[in-house]
Amino acid sequence: MEKLVIRGQKRLEGEVCVSGAKNAAVAILPATILSDGKCTIENVPDILDVAILKEILKELGASINQINDSSIQIDTSNINSYVANNSQIGKLRASYYLMGALLGRFKKAIVPFPGGCDFGVRPIDQHIKGFEALGAKVEIEHGKVIISAEKLVGAPVYLDVVSVGATVNIMLAAVKAEGVTTIENAAKEPHIVDLANFLNAMGADIKGAGTDVIKIRGKKHLKGGHTYTIIPDQIEAGTYMIAAAATNGDVLVKNIIPKHMESLTAKLQEMNVTVDVYDDSIRVRGSDKIQKVNIKTLPYPGFPTDLQPPVTSLLCRAEGTSIITEGVWDNRFQYVDELKRMGAKIKVEGRTAVIEGPVRLTGAPVRAMDLRAGAAMVIAGLMAHGETVISNIHYIDRGYERLDEKLRTLGADIQRIK
Ligand code: EPU
């Protein structure tokens, strides 16, 4: 088991380049199943979730050619199975996209019930509602989701909650259905738009991605043969922006789409952090005095829930009391007990955390409770006096490409040990 050892209190300075978006990649890779040929995908992040998905695609019969560190070519023409049963699949939330993609191609899918980070109940009722609206029958037996349809026919689907996963899955199942599917109350996250662009490049007809009504006119065949570049990772970018502010540093975060960062940029500015926005990069300069702020996480374009844990670590430095309300997940403050081991003064009540600052964080042995909680521990470690040892870092490796290496180039004292 590897661990990260951080000696804190070093200012981060320099430039860091953001990788391709995890949550776009984990939708686009399964989407290749819908194509009749080869797809070349660029800016694929080198993270554990992607490695697992590549294994699953290969087991289904795809061939994958690694062109370079961040580009792959996937040929799905020989996929002949609609049953996904890789032993790693349970660890991966995004395995649920195999349901929509296999259903779209074979009208059948058998996929283990999805796992992923544990922050409260993670239902898939809206995914199932979408599949059923298109004419599929869905059963859950022995830990597996079994889906089958005589034929898929486009239909209107109104999502009861704004769900990224359900929006993606319904798009995947609907692109080859007969007729028109309309998703109302759809999620608007950047990776939804990226997936729609990828599918449209294969010949799909999807309109409205990025708004709350998405219209999908089904097509018989989706072709391969094109090259697609995944968007930069909004959450990775945000993590470096927060790390720069947390260490009173001066960091240029490169290869990003500043529009995706607006909710964070506004909050950092409110905290008294200097944020300069350029075409495809953002410079963040910290401050001696961070002001308290209140934040509520919401679906895009609101403040992302996935940046809630990292920003909580930063707010331990803020002058006064900050309040964070989690608007997406029921139970996403489990990591707060780990921060308390480092001296944080945080009270959690239900979906709200009250953070007293400023406190002097001190290094301690802590655990990454999940992917973004792991990022929160790293940021706290960078801020803390003394040594922080983070265990369970496989969670961090699931979604951050070479996090420790990138932070070292910014001057952090962070080592990976066995
Ligand atoms: N929900 C339902 N029913 C459903 C689906 C969702 O009630 O059928 C609820 C959830 O319980 C939650 C809310 O709707 O309260 C939003 O869930 P959503 O479906 O949007 O989340 P997700 O698709 O499972 C993705 C990201 C998460 C990110 C959320 C919210 C991927 C693979 N995962 O999850 O990312 O937190 O959207 O933005 O795209 C991460 O990257 O660390 C991560 C957890």
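Since this is a predicted model, take the numbers as computed values, not measurements.

Description of the pairing of strand S15 (residues 274-277)
Sheet topology note: the S15/strand S16 (residues 281-285) ladder contains 4 bridges and is antiparallel. Residue pairing in the sheet places Thr274 in a bridge with Arg285 of S16. The hairpin formed by S15 and S16 contains 3 residues between the paired strands.

Focus on the packing of helix H7 (residues 234-246) against helix H11 (residues 371-383)
In a pair of packed helices, the angle between the axes and the distance between the axes together describe the arrangement. Orientation of H7 relative to H11, taken along the N-to-C sense of each, is 20°, at an axis distance of 9 Å. By the angle class used here, H7 and H11 are roughly parallel. Judged by the twist between their axes, the crossing of H7 over H11 is right-handed. Contact residues: H7 offers Ile235, Thr239, Ile242, Ala243 and Ala246, while H11 offers Arg372, Ala375, Ile379, Leu382 and Met383. A class-by-class count of the residues in the contact of H7 with H11 yields 8 nonpolar, 1 polar and 1 charged.

Considerations on the sheet that holds strand S8 (residues 144-148)
Spatial strand order, S6-S8-S7: 3 strands in an open sheet with antiparallel pairing. On the outer flanks of this sheet lie strand S6 (108-112) and strand S7 (137-141), each paired with one strand and no other. Across this sheet, the average inter-strand angle for adjacent strands is 15°, counted without regard to direction. Note: S6 against S8, 5 bridges, orientation antiparallel. Looking at the pairing, Ala109 lines up with Ile147 of S8. Across the sheet, helix H3 (residues 97-106) touches S6 and S8, and the angle it forms with S6 is around 160°.

Things to note about unusual backbone geometry
At the junction of Tyr300 and Pro301, the peptide bond is cis and its omega measures out at 10° in the coordinates. Inspection of the secondary structure puts Pro301 in the loop between strand S18 (294-296) and helix H9 (308-315). For the peptide bond that leads from Gly357 to Pro358, omega is -5°, which places it in the cis range. With respect to the element layout, Pro358 can be found in the loop between strand S21 (352-357) and strand S22 (365-367).

Details of the environment of Leu4
Residue placement: Leu4 occurs in strand S1 (residues 3-7). Leu4 sits in the buried class, given a relative accessible area of 1%. Once the C-alpha coordinates of Leu4 and Asp404 are considered, the two residues, 400 residues apart in sequence, prove to be 7.9 Å apart. Other than its neighbours up to four places away in sequence, Leu4 contacts Val378, Thr388, Val389, Ile390, Ile393, Ile396, Asp404, Ile414, Gln415 and Arg416.

Reading the values: the criteria
- Residues numbered from 1 in each chain as written.
- Predicted model: local features only at pLDDT ≥ 70, side-chain atom pairs only at ≥ 80, totals over all residues.
- Heavy atoms only, no water.
- Pairing = 2+ DSSP bridges.
- Helix = DSSP H or I, 4+ residues; strand = E, 2+ residues; numbered from the N terminus.
- Axes fitted to C-alpha atoms, helices over the stretch in contact; angles between N-to-C directions.
- Parallel < 35°, antiparallel > 145°, perpendicular 65-115°, else oblique.
- Left-handed = near helix turned anticlockwise from the far one by under 90°.
- Contact = heavy atoms within 4.5 Å.
- Nonpolar A, V, L, I, M, F, W, Y, C, P; charged D, E, K, R; others polar.
- Buried < 20%, exposed > 50% of the residue type's maximum accessible area, 1.4 Å probe, protein only.

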